[in-house]
Number of protein chains: 4
Amino acid sequence: MGRKIKEECGVFGILEQAGTDIAPDIFLGLTALQHRGQEACGIAVSETEGTVGNCSFRKDLGLVSEVFHDPEFLGKLKGNLGIGHVRYSTTGASVAENAQPLVLSYIKGTLGLAHNGNLINTETLKRELVRTGAIFHTTTDSEVIAFHIARERVRTATVEEAVLAAARKLAGAYSLVIMSPRKLIGMRDPWGLRPLCLGKRGPAWILASESCALSAVGAEYVRDIEPGELISISAGGIHSDRSLQISRPAHCIFEYIYFARLDSRIDGISVYDARICAGKALAEAHPVEADMVSGVPESGLTAAMGYAEHSGIPFGYAFYKNSYVGRTFIRPTREARSSGVRMKLGVLDSAVKGKRIVLVDDSIVRGTTMANLIRMLKDAGAKEVHIRISSPPFRHPCYFGTDVPSGEELIANQYSETDLCEKLRQKLDADSLGYLPLSALPEMVKGLPICTGCFDAGYPFPVPESRH
Amino acid sequence: MGRKIKEECGVFGILEQAGTDIAPDIFLGLTALQHRGQEACGIAVSETEGTVGNCSFRKDLGLVSEVFHDPEFLGKLKGNLGIGHVRYSTTGASVAENAQPLVLSYIKGTLGLAHNGNLINTETLKRELVRTGAIFHTTTDSEVIAFHIARERVRTATVEEAVLAAARKLAGAYSLVIMSPRKLIGMRDPWGLRPLCLGKRGPAWILASESCALSAVGAEYVRDIEPGELISISAGGIHSDRSLQISRPAHCIFEYIYFARLDSRIDGISVYDARICAGKALAEAHPVEADMVSGVPESGLTAAMGYAEHSGIPFGYAFYKNSYVGRTFIRPTREARSSGVRMKLGVLDSAVKGKRIVLVDDSIVRGTTMANLIRMLKDAGAKEVHIRISSPPFRHPCYFGTDVPSGEELIANQYSETDLCEKLRQKLDADSLGYLPLSALPEMVKGLPICTGCFDAGYPFPVPESRH
Amino acid sequence: MGRKIKEECGVFGILEQAGTDIAPDIFLGLTALQHRGQEACGIAVSETEGTVGNCSFRKDLGLVSEVFHDPEFLGKLKGNLGIGHVRYSTTGASVAENAQPLVLSYIKGTLGLAHNGNLINTETLKRELVRTGAIFHTTTDSEVIAFHIARERVRTATVEEAVLAAARKLAGAYSLVIMSPRKLIGMRDPWGLRPLCLGKRGPAWILASESCALSAVGAEYVRDIEPGELISISAGGIHSDRSLQISRPAHCIFEYIYFARLDSRIDGISVYDARICAGKALAEAHPVEADMVSGVPESGLTAAMGYAEHSGIPFGYAFYKNSYVGRTFIRPTREARSSGVRMKLGVLDSAVKGKRIVLVDDSIVRGTTMANLIRMLKDAGAKEVHIRISSPPFRHPCYFGTDVPSGEELIANQYSETDLCEKLRQKLDADSLGYLPLSALPEMVKGLPICTGCFDAGYPFPVPESRH
Amino acid sequence: MGRKIKEECGVFGILEQAGTDIAPDIFLGLTALQHRGQEACGIAVSETEGTVGNCSFRKDLGLVSEVFHDPEFLGKLKGNLGIGHVRYSTTGASVAENAQPLVLSYIKGTLGLAHNGNLINTETLKRELVRTGAIFHTTTDSEVIAFHIARERVRTATVEEAVLAAARKLAGAYSLVIMSPRKLIGMRDPWGLRPLCLGKRGPAWILASESCALSAVGAEYVRDIEPGELISISAGGIHSDRSLQISRPAHCIFEYIYFARLDSRIDGISVYDARICAGKALAEAHPVEADMVSGVPESGLTAAMGYAEHSGIPFGYAFYKNSYVGRTFIRPTREARSSGVRMKLGVLDSAVKGKRIVLVDDSIVRGTTMANLIRMLKDAGAKEVHIRISSPPFRHPCYFGTDVPSGEELIANQYSETDLCEKLRQKLDADSLGYLPLSALPEMVKGLPICTGCFDAGYPFPVPESRH
């Protein structure tokens, strides 16, 4: 609803027995990861026996079901080793050229690479290469990573060493899935900012951004790739290198609050549990007398259930969501008599009439949608509307692959910390308003070390003063 | 999920002041009614002043957002009087020729017609016309209705009289929205089988299948058109004719159970309330000791809340629904390692583990999906799974515009009435299974007279022995 | 080039042995007739044994290769009896609804109809039907013809009698190809205004607008359908009815001058021969001293060869035609630095430099293109440019299915008959200009009776004062 | 018709005054060059003032009119400096990734490059780069050229020096159009294998593969870029460097015989004149008594006119070409009753009946089409058919950017040199057959030094034994 924070990417990789085509599995895996990026997607595959390194791929702007709408497209992608990518771009222009996986020829044949995350030293890394005569086809940091891997490969004995050598130069967030002629390699940045997990289905090994993609292909979840770990899978087995591990990782809390799928488990924590927990903490921090707890569909529903459970106030639906008003919904007229949110959500009059309602959502960006929803509830006869947000207010940019809006766009930045709740309450015409306290986050993820940069500028390492 | 019963159509009509283009309103209204038909849609408009009767239209296979994906298409539809239609077809071939509204030239100029419902005497009515040399372009009963109206118009003084004269010949279900050069006419069959309601926005009058479409265009709900009522709207005002009314209507109960939108109100009854009520009655009829009540998203969630409320067992989510697995999702391989339902729904492991679960849905058609869901819950650690269906088992065909599957396809028809629950429970590997009793229906709709033909063959009037 | 006169339609029909699918033949036949209409097309087929009358069809806006771009579309059209149509519409809006063949259900099952030509009494015929309660789905006169056939069929013993009875009411041009459940019927208006011929390939009979479509499907040309003749083809053989024949037909001369394909033979006359003959007559009527005779590609090339042959002046190319500048070529800017004609045609500098050139075309509509071509030739060094038009100037509307522009659009209508050549020569900056004399037409078609209405208002029967 | 030899590319570049958008000019120029490549195309533009180096581009598979079908696409390409490319690929897979222009970021900002021609030392050049850690996104030799330019730019003072330094390493054919932030650069290989010319329109300079593209944008032809010449155009004027010139160029004769447009002038020779000359030489070398000389449309028509002129036998049309049977024509059935050539060409029966015909074409690849045409002529009553080919038989591969089929595919390679004409005549069922003698080529191009490698292996420099 309205303006949401956006994740940038999802990755998937699989190595099956020679002779088994895995493009259909990647299709299923990417469909399960579609929530992580809806702008572009791609699949690249090759054989590990026979015509090794003969990589075929297809990538374009669009959803997975759009780019691969013709079953023939999948049928043409032959091979038992493959990777895939879904992308959402934060950079203005959304061009097909920037779609992934990257498929490159380098000193050892074909290199495929899919990347989730954002670097903060891209310009430095690029300048280093360009000065020796390098050319770049895209504006992605992923190409910079690939180029550094290729450079390192010249002087290293194995592709794994090249990936590690390149990784040592990277500052920022990266979960990589790499396909070299006969190997599938996964690599996660030392802070573990973006997720990556490992699964198994019979003889096949799978790497995916989230565990929900493992279920989608009928695989068992094995474990998460550790922060700073490189994992290399080939016909000969699976090997791990942890030489880049650091003492204190910093996982992204927003994966739990918003990005990841409700049925995923990331770094040992169930996303569902984390949201229920946030709801409970919210009830603890901001109790209120009310008749019903509800959530903004879909983003606020789970935390709302946690709030209901802890407060003892019954959970109920307040809105119906029209699933036909999608991403591409075009408002037919500028002076539209009906706001976009009214098309997307309909109030359940008889459920809300005469009631004091606690309405939970995961975040407030501009506040426009929330103001509309409160208005709709009151028009339908709600006596009171109490807003509860299942995350702290975010006030600082994210440098690591999420699309947190810049300062002015954020309503939270228009008020001082002490004033925020009351001023925002007035502006939205709510009866009360409360954010999740920062102190509640550790419990949500059972003590997992997290990055709280977007809330309190507590980034895990120094960041540039301003992101361009 | 899986095979569902399908509604056939939704209709919308609007008359605004001359000079105001209403195609954007029809677009919004049809988007709100999209759940009633996703196969084809169309919009027809004309001016009531100036170039009267100069009707422009666009209709095609596809969703509203697809057929009108180019904003220019709406911009070309100029006029203050218009009607629209969304369609799902029960007849095998889905051809663009059968899309509505029908736009015809007849003795008085242009006639536009949109129809929701099914006649049972189409063949007789068609034969009557064909014998005098008539030709038909489509295979719809809607064209037969339009032709009879045109025939009657030759000898009647007004278009209203012609519609009523034609309606007297029709047996079956019909909610009609008709556009004659300067009038917007609505007509509902005497049994009130399909819904139709009236709304107002400033000087404009609106007719729509459901009240949710009124909200979508910012209009107030005025009232439902009564069974057997014809309503005629023109610049001169609004007139009603009830000469076709009968003593005992028979509203379709499935509108409340499944078809209509949760936020609609039909014939005075809130769809939300009716489903909550069904859930409560289900809890009353089939209680069980359990730890959580959940519903199959989206169809079973509301009744599940009713069950939870009445039983005191907490409501909770058991599944996550992937909204990117749509209507057109193509399973990439026949021997797909992952079933379609696993792509569409993911289990929330930590929510279901170790729990005794009541799982509610609105109906069971083939049983395949339900068996898969039970399996998924048990794989995730659920201790028990108790299935509750918020409607009675349907065993008889519907002749009035819904797509209830034929005998063999229905799993309920494979068992005797007494055996059904136990046999089905075994087949699905559930721990218990209960259907809503037929006797609970009246309370759901607060005594509104209903058609229960699909459950007990209690049709409101004699029907053909077999539907062709 | 520029604005050309446009033909409205082409028709094709075939009856093969039961068990042979003929949709691919219709596809080939329509592709051969594509020059007769590029706006829309369609194919309808059915079986004459087994599931008789179960007609399947596909029609839409676009070229044959576009509408049937997916080979699967043809594969789905099963049957040994079928008809097809290509359409160009003279009526402003080009809507898919008006595409043909019409496929209708009537008293005897399914009726398919494809029509080339225009009636002049459509309004009268339509009014007659509408007054008895008829409805019309399209704005075509073809639907009016179909309806009258259906009406007549109620009281006649055979479909042939119904077609003849309907035909007796029609005034204007019509070549019809009709498909009744087991028969293929062809009918040509009594004046023979539009062409229709018969072919044979083994056991199959074929009807087509032009003989080139017979060659395209590997059939032999048998003969032309005679003016006023109805031909009926069934498994039982072929029967002819000439009861509507009249003493003096009036064939359309423009088929020879411009519309028909160069390799077709119509009513016994080779189109190629007719154009060569026109060129010779033009040389006889308007001789000039020159170094080269050339034609505007493609329309003027054949007559130019006739001119060259008769005058003894060598024939040569003056222009290259860019075949990639098609129908849908969009000029990139309004203030385009290059005119459209310069994109479409390039001058062959070394062929024209220093030469006196006779440039032949088949007609002049607005004169804009011709003025551009003369300019291009002179810029390239041509010493003189003599324009020769291989038809008389047309000054009157055509009511019979061609798209002769209305009065003001025609440059010939801006001058008196005596002034025309000199004034037009000055305007175009040509060195001389000559039209084919009206008196030369009979020889072109070896005395075949022709309609010369567009040249001298000599229509074969009374026409309305103004075409609507 | 049938299998033809294919050119690989066309290039276009333009520098206008700052403030003038030139994407529409590139669109027109590429449309004029479309015959040089129909697989993919692209346009890249940037500003030379203001936001310098901010390059926008669009490239994809398809014709120019397809890739830029939406006028909005051109409107979004803002800038006064730009280049364009049309491509036909000889490498199996035709993928969008290989479309040009290449748009790269390198040490000095953005580098755009469009390339026509083929290198023979690509592998060596690529290996050299890959060994230092380079990555490649495409399989084109054009990317290899661009990478070498970027490498050289690190140590050269100007982009021109970098291009020249890179060019010194290249062996093979290349006409390059390059766009560096403020300059438009053209470069032609020292042999002048592929064409490139210079034009002027007011303040704008234009580079194009053929002069026809200059006319298309309203520019004057200035001169051809010389073999080995680099030309650099900027706001400061135009500069030339001839340091790579060699004593003996080797222009591609096939540009005159087949590839180039009839209205182009290449290296001072009119393509039209060259083909007329070839026809005359053919008549001189292989005279025959006949009644008509004709050509296979369009490829053989001009040489046929030369033959006619020299022999005194009248020129005439033998075939009509259906322009709707395009590139994408799908034969509807495998066992098609009508061959593809019959769909594309129709015989002009009355023109050929009873005549002895000389039929001219520019080449014979497999012979299938020619055999069909001879059969069609004889079926239509031609008494004799004498085949004349306006080029020598080609027997050797081309390494320089044309798609001459490999050995077995070429019918000429199935016979010895002495036997060829007689054996081929028999196979095609012709009455006589003659090729243009190799000795006639110099006169065609007025003594211009040419490459005759494909005829006699007389390549201008050593070539690899076998092209991969």
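The structure we're discussing is the one just above.
We now turn to the structure provided with this report. Bear in mind the structure is a predicted one, so any value in this text is a computation, not a measurement.

### Examining the relation of the copies chain A and chain B
The transformation that overlays chain A on chain B combines an axial shift of 0.0 Å with a rotation of 180 degrees, and the residual RMSD is 0.1 Å. In short, the pair behaves as if placed about a two-fold rotation axis.

### Remarks on the relation of the copies chain D and chain C
Mapping chain D onto chain C is achieved by rotating through 180 degrees and translating by 0.0 Å along the same axis, at an RMSD of 0.1 Å. A shared interface surface links the copies, since 100% of the contact residues of chain D are contact residues in chain C too.

### Examining the pattern of salt bridges
Residues and elements named next belong to chain B. Across all of its chains, the model carries 100 salt bridges over all chains by this definition. Between R356 and E289 there is a salt bridge, and its shortest N-O distance comes to 3.6 Å. Taken as a pair, R356 in strand β20 (residues 356–361) and E289 in the loop between α9 (271–285) and β17 (292–295) lie far apart in primary sequence, 67 residues in all. Taking relative accessible area as the criterion, R356 reaches 22% and is therefore assigned partly exposed. Since its relative accessible area comes to 62%, E289 is described here as exposed.

### Concerning the sheet that holds strand β21 (residues 384–389) of chain A
Residue and element names in this part refer to chain A. Across the sheet, which stays open at both edges, the four strands sit in the order β17-β20-β21-β22 with parallel pairing between neighbours. Single-partner strands in this sheet number two, and they are β17 (292–295) and β22 (432–435). Sheet twist, expressed as the average angle between the axes of neighbouring strands with direction ignored, equals 20 degrees. As paired strands, strand β20 (residues 356–361) and β21 are joined by six bridges and run parallel to one another. Along β21, the bridge assignment pairs V358 with H386. Of the strands in this sheet, β17, β20 and β21 touch helix α10 (residues 301–311), which is tilted by about 160 degrees from β17.

### Let's talk about helix α4 (residues 122–130) of chain B
Here α4(B) has its buried residues at T122(B), L125(B), K126(B), L129(B) and V130(B). Burial along α4(B) is one-sided: seen end-on, the buried residues are contained in an arc of 130 degrees.

Rules used throughout
Residues numbered from 1 in each chain as written. Chains lettered and ligands numbered in written order. Predicted model: local features only at pLDDT ≥ 70, side-chain atom pairs only at ≥ 80, totals over all residues. Heavy atoms only, no water. Least-squares fit on C-alpha atoms with pLDDT ≥ 70 in both. Contact = heavy atoms within 4.5 Å. Salt bridge = Lys/Arg side-chain N within 4 Å of Asp/Glu carboxyl O. Helix = DSSP H or I, 4+ residues; strand = E, 2+ residues; numbered from the N terminus. Buried < 20%, exposed > 50% of the residue type's maximum accessible area, 1.4 Å probe, protein only. Pairing = 2+ DSSP bridges. Axes fitted to C-alpha atoms, helices over the stretch in contact; angles between N-to-C directions. Arc of directions from axis to C-beta.

Nothing here speaks to function; it is all geometry.
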